[in-house]
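Report on the structure
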Amino acid sequence: MSAVSLQVDNLRVYYRTTRGDVKALDGVTFEVADREIMGLAGESGCGKSTLAKSLIRYDGRMRHVSGKALLDGLSLPGGRYTKVSLIPQYAMSAMNPTVKIGRLIADLVRAHGWSYRELLPELVRRLELVGLSADVLNNYPIELSGGMKQRAVMVLSTLLNPSLLIADEVTSALDVTNQRAVAETLVQFRDRGFVTSMIVVTHDISLVYQIADTILVMYAGKLAEKAPAEVLVNAPKHPYTRLLISSLPEVGVRHATRKLTGIPGRPPHLLNPPTGCRFRDRCPLAYDRCAEEPPFTEVEPGHFVACWKAMSEGSPGENQEACAAERSGGTPW
Amino acid sequence: MREQFYFAFRNRKVVGGLSVILGLLVLGLVAPLFADYGPNEYVGPPAAPPSGEFLFGTTTFGQDVFLQFTTGLRSTFLVGVLGGGIAALIGMTIGFVAGYRGGLLDEVLNMLTNVVLVLPALAVLIILHAYLGIKSIPAQALFIGAFSWPWVARAVRAQTLSLRSREFVDLARLSGMGTMRIIRREIAPNMSSYLLLTFILLFGGAVLFAATLDFIGLGPTESVSLGLMMNNAVHWSALHLGLWWWFVPPGLGITAIVGALYVTNVGLDEVFNPRLREM
Amino acid sequence: MVMLALEGVTKVYQVGAFGRRKLTAVSEVSFDVGEGEVIALIGESGSGKSTIGRMVLRLASPSGGRILFGGKDITGIREHDYRREVQGVFQDPFSSFNPIFRADRVLHMIREGFFPRLNNAQWMSKVEAALESVSLDPAQVLGRYPHQLSGGQMQRMLIARALLLDIRLLVADELISMLDASTRIDVLNLLADLKQRGLGILFITHDLSLGHYLSDRTVILRRGEVVETGPTTEVFAAPSHAYTRLMLESVPRLHQKWESK
Amino acid sequence: MHRYFGRKTLIYLLTFIVAVTLNWLIPRFMPGDPVLRMLTRTSVSNPEAIAPMREYYERVFGLDVPLWQQYVNYWVQLLKGNMGVSVWLFPTPVTEVITRAVPYTLALLIPAILLSWIAGNKVGALAARRKWLDNTVLPVGYVLTATPYMWLGILLAWSLGIVGGIFPVAGGYSFELRPEWSLAFVGNLFSHWFLPFLSLFLVAFGGWAIGMRNLIIYELEADYANYLETLGAPRSLIRRYAFRNALLPQLTGLALQLGVLVAGALVTEIVFAYPGLGYLILSAIQNQDFFLLQGTFLFVVIGVLLANFVIDVIYVIVDPRVRVGMQGAS
Amino acid sequence: PGDGGQQAAPAGAGGYPRNETLYTSGTQWGPPSSWNPVIPGGVTGTVGLIYETLFLYDPNKLAMTPWLAEKGEWTGDKVYTLTIREGVTWGDGKPFTAEDVKYTLELGKIKAVPYSNLWTWLASAEVTDPKTVKFTFSDVRYQEWDNFLYENAIVPKHIWSTRSEADITTTKNEKPVGTGPYEYLTHDQDRSVYKKKASWWATKALKLEVKPTYIVDIVNSSNEVAMGLLLQGKMDLSNNFLPGVANLVKGSFNIKTYYPEPPYMLSANVAMLIPNTTKAPMNDAAFRRALAHSIDTKKIVEGVYGKLVKQADPTGLLPVWEKYIDKAAVSALGFTFDTAKAKSMLTAAGYTDKNGDGFVEAPNGSAIKLSLIVPAGWTDWMEAIRVISSGAQAAGINIVPEFPDSGALDDARTAGNFDLLINNWTEMSNTPWTFYNYLFQLPVQEKQFNANFERYTNDSAWALVQKLSRTPTDKPEFQTTLAELQKIHLTELPAIPLWFNGLWSQVNDSVWTNWPSSAPDAPKHLPTTWNNFWERGAIYMLCDLKPVSK
Ligand SMILES: Nc1ncnc2c1ncn2[C@@H]1O[C@H](COP(=O)(O)OP(=O)(O)OP(=O)(O)O)[C@@H](O)[C@H]1O
Ligand SMILES: Nc1ncnc2c1ncn2[C@@H]1O[C@H](COP(=O)(O)OP(=O)(O)OP(=O)(O)O)[C@@H](O)[C@H]1O
Ligand SMILES: [Mg+2]
Ligand SMILES: [Mg+2]
């Protein structure tokens, strides 16, 4: 993790609706380093997909309000496929049903000025890597099972070795066993250099923890916390992250032994989000300073957080210990 | 719902289409009331071009084309509403039952649907009309309805199939609701916008159908209709004698009504289908 | 005390035109649910969990085997009576509500079907009691449309709906899988409360951690067949079947990384 | 594959049986006596001659045996390709009358269907791309589909034929010509064919153009289009795919529309006095020629069924989804 | 000849030279399908242009003209001797003989041949020598015999005798061999084409020569198509009913009709209002007469037909029979449109409005509501009965127009299930006997196929009709019997004559001239191609035509 690959600076992207702008991405600033896999987590509707999309392509309703995103000096959105690529959530339906997969790939790479014939050996190699035979190129998408399609799409998306790969909820529809296989494949892709860095969007922190180097947590259109995976899971600083993690049932936790609790309340509506810290209403630690918007600041090397409390504490405080104590209640196995 | 009204009234297609339809409907309902003679009566000079007295001129017999046109509009609307309504009723019933009940009943109904679907409806209607001699507009509408439902049944069946697996249907069953009640109270209301669109298309189809039948002289014999006007105009050589005011208005009327229906349909589709709204 | 018992239950679907192909969704499944017991039915997608749930709810009928409720074959119980005691909540709160009606319609349907004779006041007090027992504020949820409610609220409301009847068994088919991590746990806790109140729960899930969190006993299902069953703690601590082990290894855990293969 | 076609064939067979039975049934329960009609129409002046002739012709038309036997005979004859003898054009066999008219109808229908489909789809696809084109194609398309076939025919006949004098407005070819392979004759055939063709073409064209435009817009919203877009595929590629995929429902649409198109052709022929099936049907109705009417009806049904079948085959060839579904894989 | 004709391609590239070709239409309403002269429904000109009859009937002279026959006369009480013309040959070169005549008549012994009833009153036909046939009758019906002689074509025995009985009545006879001036050349769905034969017997025998080398008879698809072709000069003679043609005659379109002013057309048949006399109140002659007075025929003639037709004579006798009309009887018993008179006649007969609904009730108090039917789609008649109904209603008779399908109407008419209808199956012929036979024929049967639809029973009238048939036209008795029949008709009015339908005929004289017309020096033959009218003299029209010289 040396050079910075992706630099997002105060990016604001809103959705136009009849009732006003939905402030789905309201000033986010972060970096993704070379060879970094960054997990992007958060509750539903917090703007994860919006962030992913705005690195690739604005759709008709999205409005760029301010800020910018640079990938190796290239301003995003731009360089689709060759520089930034995406594995979509809807991998099952991502391929044109009436075109053979090989043909689809050929059309696509040719459109980007590559020769399909030259790419073919590499393509076959990668298919084999994910456990597909070269025959699938002669199949129509419908002739493959869901898992096969997912893997084919992964290969397709990364064929031109993009610098940044965005995987948006690629595993949420899968069974645990497949989930693991896909997640591990993603890591492999990075390790083999098919992609330089990666953003893995998911609402499942425990999954992202398995594969990501760093995890970025979003809340209501804003960044809450970013830290190396280990740190974020074991020593989160933002109250939201903490509560989120503590509400996750895990194999090992049983209701009878330890009752988990959820986060009370609901995330604010992004049409008219409250000023100041957006988590304020649900935060057990909220105090008057929170009426002012907390900046997303680096409190430790590589650990960013947007919380007045966390910033003032500087280092892990008593809250952290409390969490650790709670965890020890679980069944140790 | 209120949101949909809001969009409907802002949608140019819906507003434009509806204005044409309502305008013609009102014309059809109101204008004949002001005439103190019947649409088939010889009231003016024969074959007179449009004038202040006879807005659309007169036929070779001196009948008032405007009066015939406005009276014909009534038939057109009647046949559209009835024919479309009957087709919708049959198609939806079959579609709902087939889709919801499934199994053998579905197979049988599906077969029936497919059979009626490939039968060329107009050909069937022509022989039915030819043999039975359809006299009234409701009868004509019945026959039109009886043969234009299959695609509705198909579409409704497909929709019902997908709705049937929605969990609220299971929930309704768990609450002790019977099949028909579930179809009526749970499934149908969910498709109401779709059903409305379907009805609009059927309405337009029935109007065109009726016009075609009237034109070949198989329409209700005891009424005035736009198709019959065209038939008469052609029959009495209006083309060669240059009586354009006799055959232009009825066709234009039909085109306007059906076209407006289609446009309204698309507009409503945009209203109900937010994805299309941006286009 | 055994309340619900499945004995060699099989379900075969006829698929394709004229049902010429057969698909065995559930095969010879036997297990039971006791009074006030939570049984987790765990399996991957397509393993037949929902089919079992639907058979228990009598939304589908078994092609073989028997389902007993209170010792009686359920086909012998009047459907109406059965539904007073056995109800279900489904995976997708969004599709459990008919989107064009107010959300509380799901409650009123119960009234039509089961309490036609209650007057409005009696009924309302019953509804309010049920809502409060799932920690919903009646004033906040009644008269709202589904899209104005959160997923958690919706699921609670559906549970409240079941509670309007004096149910003894609740079939919960993936009822929290669509919810956010933070809301999910609240619903889960609610189920645990209900269990404490003596309700038997057939808890269907593909998420091992959720099953583990709540259940007393676990049934692991694979391709329609039961591969492993036993008290939850035992199954999870010492899985005997290779498939169970594989699943457990694949579960992503916080604080513990996958061991590389 | 077998199952798919087996099922389709079953449906077509059933439709055919229903059509034949309907066809057989209706005239037998309707008012009017075809034989009598034939005799009275041809002004046999002597009243006393009618009764014996009637008896005689009932036998000729096979109307003197029990109903069930008439039904069986009907099928037997039908399978032999014999649709009976026309009452109106006695003693010409119905099949002969029809075979003379069919080339005209096919010459109208096939080009009108194919060209309107192709052109409509192309223009519809273009319209989905360009705003200005969309703004013209859409209203024009709606007006065209909403136009009754006969009215457009009347307008064309009146404007380009009678007033403009550019095209003839009636008949298959000029009365001063004899059929032969000469430029003059073919040109003459063409000029008579053009207006009926045009009116059929235009109405159908409008429908296809709108259909294609709407389908493309839907297709462009599809996941695969979105994905391709995400991967920076050029619009042209996405549009090509969308077009290709939208053609499939359009193909189904074609099968569904066949009946309507045939109907359109029939009325158009009537407007232009084009000597095809439509004109025959009308005459058969007016002359109560049940046998001819039945024959034309069956012919139309068979034609539509065959066309449906062809479309099914094409569909299977172009849409992999159907094929896979048929094999029961997936 | 059929084949030979087809090979002999006409001059010009695949076409027919315009100035040698006559384009006609108005008879053929469907694709040409039969050239069989024995059964009805043959293509226009099958009888007339290809096959010919023994006599023609000349409606101007009201007399028979020998044609294939040289003469025919009553040589005994019940014996008619016919001498055939010499020098007549069939299209294949074989001579025309007395055997052909005998053979043709004997075809009538086949039941399906339309003239089979001939043999109920004809006893035998004998060929006494190659030129002579002797007919012996069991019952002499002069009028009917004349009718037979000029309406039925003679067929060549040498060809037809090789055919089986079934063949004869079902063959299309695609290669007709006749004696007439034309041979069949070719046909398509929408036309049939005739070519002039190299020689025709009448050229030598009667100095007649048909002028057009080709006749293209165009199948009617609709009247407006005919009008279009006529206007473009692509058709010379249209025998269609062309509504609005009066406007064109006045304009400069080269379009002419027989008369340059109303009624434009000669009269061909009479349209009558047929009351069902088996039902009350139509069974009451007084009611029928009152009804007759309520009808504004003039409005029909002018409003519906644009004066293309003529008001009918109250007797219903066509203008050709003018001289037989008993003027005194007409002025005494005839009827005219007079609503007031209709009302008073109704009152006098006991039909009054007792319940004040504006319509009269029967003397016994029962309400009267009658339906008047014409087939749906027959627009001129539909318009006409609207006029009739409103006239009747004005006089207090509640008549409503209805338009059943034509099949249903046929059934109703045949079975007598109707109140009132319009019918016009009374064509111009050689004798008014056909008219009265149509009107009074008895006995009334369960099904009435083509006569006495009013189901009117009057034995004395029927006796008179039969007597008329047995009376030769030149006997004074003929006239007196006719007068009696007219009186019965006018007093009883079992059918109410309304208007004379035209012998629709409009010509474009830009290629051919000298058409029959009312102009002083113009030919006066019937300008028509209708079936059975060739034998009523229309064939002369072809001989009179002159090409416009270029
Ligand atoms: N097309 C749109 N129009 C208006 N609002 C939108 C649109 N798409 C998304 N939003 C809103 O923007 C916010 C962020 O949406 P986004 O899809 O980025 O969330 P997410 O974090 O990806 O959620 P999930 O986990 O459910 O996918 C949400 O409040 C959503 O309602
Ligand atoms: N109505 C049906 N007709 C035919 N097959 C069905 C039907 N319902 C379910 N199946 C099949 O039965 C099998 C079991 O389905 P079921 O829904 O019980 O699985 P599940 O374990 O609930 O899976 P998931 O986790 O995806 O909900 C599947 O293969 C499914 O395709
Ligand atoms: Mg998302
Ligand atoms: Mg399930």
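Now for a quick tour of the structure. Predicted model only: the values in this text are computed from it and were never measured.

1. Topic: the site of ligand 1
Residues and elements named next belong to chain A. Around ligand 1, the structure places 15 residues, and the nearest of them are S44, G45, K48, S49 and T50. Between an oxygen atom of ligand 1 and a main-chain N or O atom of C46, the distance comes to 3.2 Å. T50 places a polar side-chain atom, nitrogen or oxygen, 2.3 Å from an oxygen atom of ligand 1. Within the complex, 69% of the 630 Å² of free accessible area of ligand 1 lies under protein. The element contributing the most residues to the shell around ligand 1 is helix α1 (residues 48-56), with three residues. A per-class count over the shell around ligand 1 returns five nonpolar, six polar and four charged.

2. Regarding the nonpolar core
Core analysis: the largest hydrophobic core is formed by 365 residues, its most contacted members being E:F135, E:I422, E:W499 and E:L542. Looking at this core, you find at least three residues from each of domain 1 (16-82) and domain 2 (95-329) of chain D. Judged by nonpolar contacts, the second largest core, of 114 residues, contains A:A52, A:M198, A:A212 and A:L244.

3. Considering the arrangement of the chains
Taking contact number as the criterion, the leading pair out of eight pairs of chains in contact is chains D and E. Chain E makes no contact with chain A, the minimum C-alpha separation between the two being 47 Å. No interface is formed between chain C and chain E, the nearest pair of C-alpha atoms being 45 Å apart.

4. Thoughts on the environment of B:G85
All names here are of chain B. Relative to the helices and strands, G85 is located in helix α3 (residues 65-101). Among the residues examined, G85 registers a relative accessible area of 26% and is labelled partly exposed. Once the C-alpha coordinates of G85 and H235 are considered, the two residues, 150 residues apart in sequence, prove to be 32 Å apart. Those residues within four positions of G85 in sequence are excluded, and the remaining contacts are G80 and F199.

5. Section: the site of ligand 2
Residue and element names in this part refer to chain C. Every one of the 13 residues lining ligand 2 counts as a neighbour, but S45, G46, K49, S50 and T51 are closest to it. Separating an oxygen atom of ligand 2 from a backbone N or O atom of S47 is a distance of 3.1 Å. Within the side chain of S50, an N or O atom sits 2.6 Å from an oxygen atom of ligand 2. Within the complex, the protein chains bury 61% of what would otherwise be the 630 Å² of accessible surface of ligand 2. Every element with two or more residues in the shell around ligand 2 is listed here: β1 (2-15), β2 (21-34) and α1 (49-56). Top contributing element to the shell around ligand 2 by residue count: α1, with three residues. Its residues assigned to classes, the shell around ligand 2 comprises four nonpolar, six polar and three charged.

6. Some thoughts on the pattern of salt bridges
Using the criterion set out here, one finds 55 salt bridges over all chains in the structure. Taking the shortest distance from any N to any O, the salt bridge between D:R213 and D:D134 comes out at 2.6 Å. Here D:R213 is found in helix α8 (residues 183-220), whereas its partner D:D134 is found in helix α6 (residues 131-146), with 79 residues between them in sequence. Among the salt bridges present, the one from E:R536 reaches E:E427, with a minimum N-O distance of 3.3 Å. With a gap of 109 residues between them, E:R536 in helix α18 (residues 534-544) and E:E427 in the loop between β17 (420-423) and α15 (433-440) connect regions that are remote in the sequence. Relative accessible area serves as the criterion here: at 2%, E:R536 is assigned to the buried category. Taken together, the shared-partner salt bridges in this structure form one network comprising E:D139, E:R141, E:E144 and E:R470.

7. A word on the interface of chain A and chain C
With 41 residues of chain A at the interface, the matching set in chain C holds 38 residues. Where chain A abuts chain C, roughly 3,700 Å² becomes buried across the two surfaces, and 57% of that area is made up of carbon and sulfur atoms. Taken as a group, A:R180, A:Q210 and A:R254 account for 20% of the area that chain A buries against chain C, more than any other trio of residues on that side. The interface formed by chain A and chain C contains zero salt bridges. Elements supplying a minimum of two residues to the side of chain A that touches chain C: α5 (176-191), α6 (205-211), α7 (229-234) and α8 (239-246) of chain A. Residue classes in the side of chain A that touches chain C are distributed as 17 nonpolar, 11 polar and 13 charged.

8. A few points about helix α4 (residues 146-158) of chain A
Helical geometry note: an α-helix holds 3.6 residues per turn, so side chains three or four residues apart project in the same direction. Between the first and last C-alpha of α4(A) there are 19 Å, a value that for 13 residues agrees with the 18 Å anticipated at 1.5 Å per step. Listed in full, the buried residues belonging to α4(A) are A:K149, A:Q150, A:A152, A:V153, A:M154, A:V155, A:L156, A:S157 and A:T158. Buried residues in α4(A) make contact with β6 (84-87), α2 (101-111), α3 (116-129), β7 (164-168) and α5 of chain A together with α9 (223-230) of chain D.

9. What to know about the sheet that holds strand β4 (residues 62-71) of chain A
Strand pairs in the sheet, formed through backbone hydrogen bonds, run parallel or antiparallel to each other. All names here are of chain A. Taken together, the four strands give an open sheet; going across it, the order is β2-β1-β4-β5, and neighbouring strands pair in antiparallel fashion. Here the strands that pair on one side only, and so sit at the sheet edges, are β2 (20-33) and β5 (74-76). The average undirected angle you get between the axes of adjacent strands in this sheet is 15 degrees. The pairing of strand β1 (residues 4-17) with β2 spans 10 bridges and is classified as antiparallel. Bridging from a neighbouring strand, Y15 pairs with V22 of β2. Lying on the sheet, α1 is in contact with β1, β2, β4 and β5; it crosses β1 at an angle near 110 degrees.

10. Quick look at the side chain of E:N424
Residues and elements named next belong to chain E. Its location among the elements puts N424 in the loop between β17 and α15. Among the polar contacts made by the side chain of N424, one reaches the side chain of N269 at a distance of 3.3 Å. When sequence neighbours within four positions are dropped, the list of residues in contact with N424 reads N269, V270, A271, W381 and N501.

11. A short note on empty space enclosed by the protein
On inspection of all chains with the given rule, the structure shows 18 cavities of 30 Å³ or more. The calculated volume of the largest cavity comes to roughly 260 Å³. Forming the walls of the largest cavity are 22 residues, and the residues nearest its centre are B:L228, B:N232, E:T379, E:M382 and E:R386. For the lining of the largest cavity, the elements supplying multiple residues, two or more each, are α11 (226-235) of chain B together with α13 (379-394) of chain E. When its residues are assigned to classes, the lining of the largest cavity shows eight nonpolar, 12 polar and two charged.

About the cut-offs
- Residue positions are counted from 1 within each chain, in the order its sequence is given.
- Following the order in which they are written, the chains are lettered starting with A and the ligands numbered starting with 1.
- Owing to the predicted nature of the model, reporting of local features is limited to residues with pLDDT of at least 70; listing and counting of side-chain atom pairs is limited to 80 or more, with chain, interface and lining totals taken over all residues.
- Only heavy atoms go into the side-chain values, all of them from the structure, while hydrogens and water stay out.
- Put simply, a residue is near a molecule or strand once any heavy atom of it comes within 4 Å of that molecule or strand.
- Polar contact is the term for a pair of N or O atoms within 3.5 Å; when the atoms are in protein, one must be able to donate a hydrogen and the other to accept it, and sequence-neighboring residues count only if both atoms are side-chain atoms.
- Areas reported here follow the Shrake-Rupley algorithm with a probe of radius 1.4 Å; residue values treat only the protein chains shown as occluding.
- Going along the chain from the N terminus, every DSSP run of H or I of four or more residues is numbered as a helix, and every run of E of two or more is numbered as a strand.
- Any residue outside Ala, Val, Leu, Ile, Met, Phe, Trp, Tyr, Cys, Pro, Asp, Glu, Lys and Arg is labelled polar, Gly included; the first ten of those are nonpolar and the last four are charged.
- Think of a nonpolar core as a cluster: buried Ala, Val, Leu, Ile, Met, Phe, Trp, Tyr and Cys residues, connected wherever their side-chain atoms sit within 4.5 Å.
- Burial status follows relative accessibility: with a 1.4 Å probe on protein chains alone, a residue under 20% of its type maximum counts as buried, one over 50% as exposed, and anything between as partly exposed.
- An automatic or database domain assignment supplies the residue ranges for each domain.
- Contacts were defined at the residue level, with two residues in contact if any of their heavy atoms lie within 4.5 Å.
- Every case where a carboxyl oxygen of Asp or Glu lies within 4 Å of a side-chain nitrogen of Lys or Arg is listed as a salt bridge.
- Accessible area that two parts lose when put together, with a 1.4 Å probe and added across both, is what the buried area reports.
- Each residue after the first adds 1.5 Å to the expected span of a helix.
- Pairs of strands are assigned from DSSP output, requiring at least two bridges between the strands.
- Note on geometry: axes are C-alpha line fits, over the in-contact stretch for helices, and angles between N-to-C directions span 0 to 180 degrees.
- Residues are said to line a cavity or pocket when one of their atoms sits within 4 Å of a point; the points come from a 1 Å grid over protein atoms alone, cavities being sets where a 1.4 Å probe fits but cannot get out and pockets being open sets with protein on both sides within 12 Å along at least five of seven lines.
- Grid points are joined across faces, edges and corners, and a volume is the space filled by probe spheres set on the points.

Just distances and angles here, no functional claims.
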